[in-house]
Amino acid sequence: FGLRRYEPAGNAGAGAHVGTASNNIVLAGDVVSNTTSTAVVIGIGAKAGTSDTVVGYQAGHALNNDGRNTTAVGNFALPQATNPTQKMTALGSLAGNAVTTGSSGTFVGYDTGATNCTTGSNILVLGTSGTTDCSVAGASNEIHIGAGAGDIFSATGTNTASTSASTIAGSLNV
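Only a predicted model underlies this, so the values are computations on that prediction, with no experimental measurement involved. (Residues numbered from 1 in each chain as written. Predicted model: local features only at pLDDT ≥ 70, side-chain atom pairs only at ≥ 80, totals over all residues. Heavy atoms only, no water.)

Undergrad: What should I look at first to understand the overall build of the protein in this one?
TA: Tallying secondary structure elements over the protein gives 0 helices and 13 strands in all. Of the regular secondary structure in the protein, the N- to C-terminal order runs β-β-β-β-β-β-β-β-β-β-β-β-β. For the protein, the proportion of contacts with a sequence separation of at least 24, taken over those separated by at least 6, is 2%. A total accessible area of about 8,600 Å² is found for the protein, and carbon and sulfur atoms account for 57% of it. (Helix = DSSP H or I, 4+ residues; strand = E, 2+ residues; numbered from the N terminus. Contact = heavy atoms within 4.5 Å. Areas by Shrake-Rupley, 256 points an atom, 1.4 Å probe, with all protein chains shown as cover.)

Undergrad: Help me understand the confidence of the model for the protein in this model?
TA: Low-confidence regions, as indicated by low pLDDT, have predicted coordinates that should not be scrutinised in detail. Mean pLDDT over the protein stands at 77; residues scoring 70 or higher make up 71%. Mean pLDDT across the elements of the protein ranges from a minimum in strand β13 (residues 167-168), with 50, to a maximum in strand β8 (residues 89-91), with 95. Confidence drops under pLDDT 50 across residues 1-8; counting only partners more than four residues distant or on other chains, this segment forms 1 contact. When the criterion is pLDDT under 50, residues 161-166 qualifies, and its contacts beyond four places in sequence or with other chains add up to 10 contacts. (pLDDT = per-residue confidence, 0-100.)

Undergrad: In this structure, what is going on with unusual backbone geometry? I would like to understand it.
TA: Among all residues except glycine, the phi angle is most often negative; among peptide bonds, the trans geometry is most common. Phi angles above zero are rare outside glycine, and Phe76 is one such case at about 60 degrees. Structurally, Phe76 can be placed in the loop between β7 (71-73) and β8. Located in the positive-phi region is Lys87, a residue other than glycine, with phi close to 55 degrees. Residue placement: Lys87 occurs in the loop between β7 and β8.

Undergrad: It is not clear to me how the nonpolar core should be interpreted in this structure. Could you clarify?
TA: The biggest cluster of nonpolar side chains holds 24 residues, and the ones touching the most others in it are Val41, Val54, Leu78, Val99, Phe107, Cys117 and Ile123. Not counting residues within four places of it along the chain, the set of residues in contact with Val41 comprises Ile25, Val26, Leu27, Gly29, Asp30, Val31, Ala46, Lys47, Ala48 and Val54. (Core = buried A, V, L, I, M, F, W, Y, C linked by side-chain atoms within 4.5 Å. Buried < 20%, exposed > 50% of the residue type's maximum accessible area, 1.4 Å probe, protein only.)

Undergrad: So what exactly am I meant to see when it comes to the state of the cysteines here?
TA: Chemically, a disulfide is nothing more than a covalent bond linking the sulfur atoms of two cysteines. As enumerated under the stated definition, the model contains 1 disulfide in all. Cys117 shares a disulfide with Cys134; S-S distance 2.0 Å. In this structure the cystine formed by Cys117 and Cys134 twists about its S-S bond by roughly 105 degrees; its chirality is therefore right-handed. One end of the pair, Cys117, is in the loop between β9 (103-108) and β10 (121-127); the other, Cys134, is in the loop between β10 and β11 (142-146), with 17 residues separating them in the sequence. Cys134 matches Cys117 in its accessibility class, with the two residues each being buried. (Disulfide = S-S within 2.5 Å.)

Undergrad: Honestly, the environment of Leu124 in this entry has me stumped. Any pointers?
TA: In this fold, Leu124 is placed in strand β10. Remark: the alpha-carbon pair of Leu124 and Ser154, spanning 30 residues in sequence, is separated by 9.7 Å. Contact partners of Leu124, with chain neighbours within four places excluded, come to Thr106, Glu142, Ile143 and His144.

Undergrad: Help me understand the environment of Val31 in this model?
TA: Along the chain, Val31 falls in strand β3 (residues 30-31). The exposure class of Val31 is buried, given its relative accessible area of 0%.

This is the structure:
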């Protein structure tokens, strides 16, 4: 009794490039090109490239290049992300809403990264509402945790301890 890696022989589903691309699963969405492989796309208007997993209405809709290893789950998750947008993860409706390019970003929660998280990299944003966001447009190397009225924790820096003041707002109950 052993586990075997599943190696599909072709594609499953329907989309503009599904017939010529390889090893994809597409339900009501599309893959980026006829060279896209190992993508999973589920959702009307959703789009993915090689090694992307995109699930939700219009999720990843602007993706236009292969080979990103991006995961977008939720209606309109990463809706503006184009190229190169590598290694991005967005979980929640409108998660990573402002992202257009960049790499290695993680957005978890409704409408996180809604305004300033446009082109940066190495970003972590957790929370809800469009007020949990990067400090400035194109910011990199930042962590933001919040809900509702804004960040309750934020830190910025590059390969060192935070180079800006870390901010903790509100109260912490343990």
